[in-house]
Amino acid sequence: MQCTSDPMPSGLLKQVADVLEPFLVELFNRSLSEGLVPSVFKAAYVTPLLKKADLDSADTQSYRSISNLSVLYKLLERLVAQQLIDYLRGAGLLPDLQSAYRAFHSTETAVLKVMSDILWAIDNGNLSLLALLDLSSAFDTVDHEIILRRLEVSYGLQGTALSWFTSYLNGRTWFIRCTASRPNPALLGCGVPQGSVLGPILFVLYTADLVRLIENFGLHPHLHADDTQVYGAVVPT
């Protein structure tokens, strides 16, 4: 999708991709080697969109805030996302009981796992209870200090890699587009952009400890995007 901050239309960018390729490679390599994200890439245009047509347009909770980001920025994010996922998968660090934002972990896998466990419990004569938890504006709840600490301690990111993610999260700005004019930017103190490539992956890593927390109470968890299923079974008395 074309972003307002892009210097040229996406269609034109594709037409001259072979000309721009060496410059983009140099830009992306420098970003990765120096652990810095260009500040111009960290400005997002947010257009409030109604989640459903029948919702109250005067209620801010009725809107979904999708960040419109630069095409070049998303290309850089995809390079980092591929390397991050390959590293996490190779080290076995991705949570098994989490679906969405990953290959072969879809809505179907979540439904099959939860339904299979519940039906198995019922077939064995037990009583089963399922609780569904849904965070409001889930991506906005990500604390930058906590996720950076998690990346370092839980996932082993250090040095330049950790510096890159620190730069990625810090100094982000956003604009709410309600009119044709450009409003003053606001600093984003927490959260990850909804509409970005890395945002969903970082949210998955941010909430991964929920699995162990729920299991410590003898219950069964399954995470899907920003939804959490908690269920368990007891022997009837």
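As shown above, the structure is provided for reference.
Residues numbered from 1 in each chain as written. Predicted model: local features only at pLDDT ≥ 70, side-chain atom pairs only at ≥ 80, totals over all residues. Heavy atoms only, no water.

J.: Looking at this structure, I do not really get the sheet that holds strand β5 (residues 173-176). What am I missing?
T.: Spatial ordering of the open sheet is given by β2-β1-β5-β6, a layout of 4 strands whose pairing is mixed. In this open sheet, the two strands that pair with only one neighbour each are β2 (63-68) and β6 (186-187). The pairing of strand β1 (residues 43-50) with β5 spans 4 bridges and is classified as parallel. Opposite V46, over in β5, you have I176 as the bridge partner. (Pairing = 2+ DSSP bridges. Helix = DSSP H or I, 4+ residues; strand = E, 2+ residues; numbered from the N terminus.)

J.: In this structure, what is going on with the environment of G125? I would like to understand it.
T.: Here G125 shows up in the loop between α4 (107-123) and β4 (127-134). On the basis of relative accessibility, which here comes to 42%, the residue G125 falls in the partly exposed class. Between the C-alpha atom of G125 and that of V234, which follows or precedes it by 109 residues, the distance is 9.1 Å. (Buried < 20%, exposed > 50% of the residue type's maximum accessible area, 1.4 Å probe, protein only.)

J.: Mind showing me how you'd approach the side chain of E77 here?
T.: With respect to the helices and strands, E77 occurs in helix α3 (residues 71-90). Separated by 2.7 Å, the side chains of E77 and Y168 make a polar contact. Apart from residues lying up to four places away in sequence, E77 is in contact with L69, Y168, S196, V197, L198 and G199. (Polar contact = N/O pair within 3.5 Å; in protein donor to acceptor, adjacent residues only side chain to side chain. Contact = heavy atoms within 4.5 Å.)

J.: Honestly, the sheet that holds β4 in this entry has me stumped. Any pointers?
T.: Strands in a sheet are paired, the pairing made by backbone hydrogen bonds, and the direction either parallel or antiparallel. Reading across the sheet, the 4 strands line up as β3-β7-β8-β4 and stay open at both edges, with mixed pairing between neighbours. With partners counted over all chains shown, the strands left at the sheet margins are β3 (98-99) and β4, one partner each. With respect to the sheet, α4 is in contact with β3, β4, β7 (220-224) and β8 (227-234), its orientation differing from that of β8 by roughly 15°. On top of the sheet, helix α8 (residues 209-216) reaches β7 and β8; it is set at about 160° to β7, its chief contact. (Axes fitted to C-alpha atoms, helices over the stretch in contact; angles between N-to-C directions.)

J.: Could you clarify how one ought to interpret the pattern of salt bridges in this entry?
T.: Pairing between side chains of opposite charge can happen when the charged atoms of each approach one another. Enumeration according to the criterion identifies 6 salt bridges in this entry. The residue D86 makes a salt bridge to R89 at a minimum N-O spacing of 3.7 Å. You can see D86 and its partner R89 sitting in helix α3, 3 residues apart, about one turn around the helix. The partner of E152 in a salt bridge is R149, and the shortest N-O contact between them spans 3.6 Å. Here the residue E152 and the residue R149 both occupy positions in helix α5 (residues 144-153), the gap between them amounting to 3 residues, near one helical turn. (Salt bridge = Lys/Arg side-chain N within 4 Å of Asp/Glu carboxyl O.)

J.: Just checking my understanding: could you explain the packing of aromatic side chains for this structure?
T.: Each aromatic ring pair is described using two quantities: the centre-to-centre distance and the angle formed by the ring planes. Under the counting rule described, the total for this entry stands at 6 aromatic pairs. Among the aromatic side chains, those forming a connected cluster through ring pairs are F41, Y73, W164, F165 and Y168. Above the face of the Y168 ring, R172 is positioned so that its terminal group lies 4.9 Å from the ring centre. (Phe/Tyr/Trp six-rings, centres within 6.5 Å; stacked < 30°, edge-to-face > 60°. Lys NZ or Arg CZ within 6 Å of the ring centre and 35° of its normal.)

J.: Teacher, can you tell me more about the nonpolar core here?
T.: Across soluble globular proteins, nonpolar side chains show a tendency to be buried alongside one another. One finds L151, F165 and L198 to be the most contacted residues of the largest nonpolar core, which totals 39 residues. Counting residues per element, the ones that place at least two in this core are α2 (17-34), α3, α5, α6 (159-169) and α7 (198-207). The dominant element in this core, judged by the number of residues it contributes, is α3, at 9 residues. (Core = buried A, V, L, I, M, F, W, Y, C linked by side-chain atoms within 4.5 Å.)

J.: For this particular structure, what's the right way to read α4?
T.: An α-helical turn contains 3.6 residues, so a residue and the one three or four places further along point in the same direction. The terminal C-alpha atoms of α4, which comprises 17 residues, lie 24 Å apart, in line with the 24 Å expected from a rise of 1.5 Å per residue. Listing the buried residues of α4 in full gives A110, V114, I118 and A121. Summarising the axial view, the buried residues of α4 lie within an arc of 60°, below the 170-degree limit, and thus occupy one face. The outward face of α4, more than 90 degrees from its buried face, is lined by the exposed residues E108, L112, W120 and D123. Lining the buried residues of α4 we find β3, β4, β7 and β8. Residue G125 follows α4 closely and has a positive phi angle near 80°. (Expected span 1.5 Å × (residues − 1). Arc of directions from axis to C-beta.)

J.: Please explain a nonpolar patch on the surface as it appears in this structure.
T.: On the surface, a nonpolar cluster with roughly 350 Å² of combined accessible area is contributed by V111, M115, L119 and I122. Structurally, V111 can be placed in helix α4. Accessibility expressed as a relative area gives 46% for V111, which makes it partly exposed. (Patch = residues over 30% accessible without salt bridge, like charges linked within 9 Å, V, L, I, M, F, W, Y side chains within 5 Å. Areas by Shrake-Rupley, 256 points an atom, 1.4 Å probe, with all protein chains shown as cover.)

J.: Can you walk me through the side chain of R102 in this structure?
T.: Relative to the assigned elements, R102 resides in the loop between β3 and α4. Buried and unpaired, R102 has D96 as its nearest opposite-charge partner, separated by 5.5 Å. From its side chain, R102 meets the backbone oxygen of P95 in a polar contact 2.7 Å long. Sequence-distant contacts of R102, defined by excluding residues within four places in its chain, comprise L94 and P95. (Lys, Arg positive; Asp, Glu negative; His and termini not counted.)

Everything listed here is a matter of geometry and, on its own, says nothing about what the molecule does.
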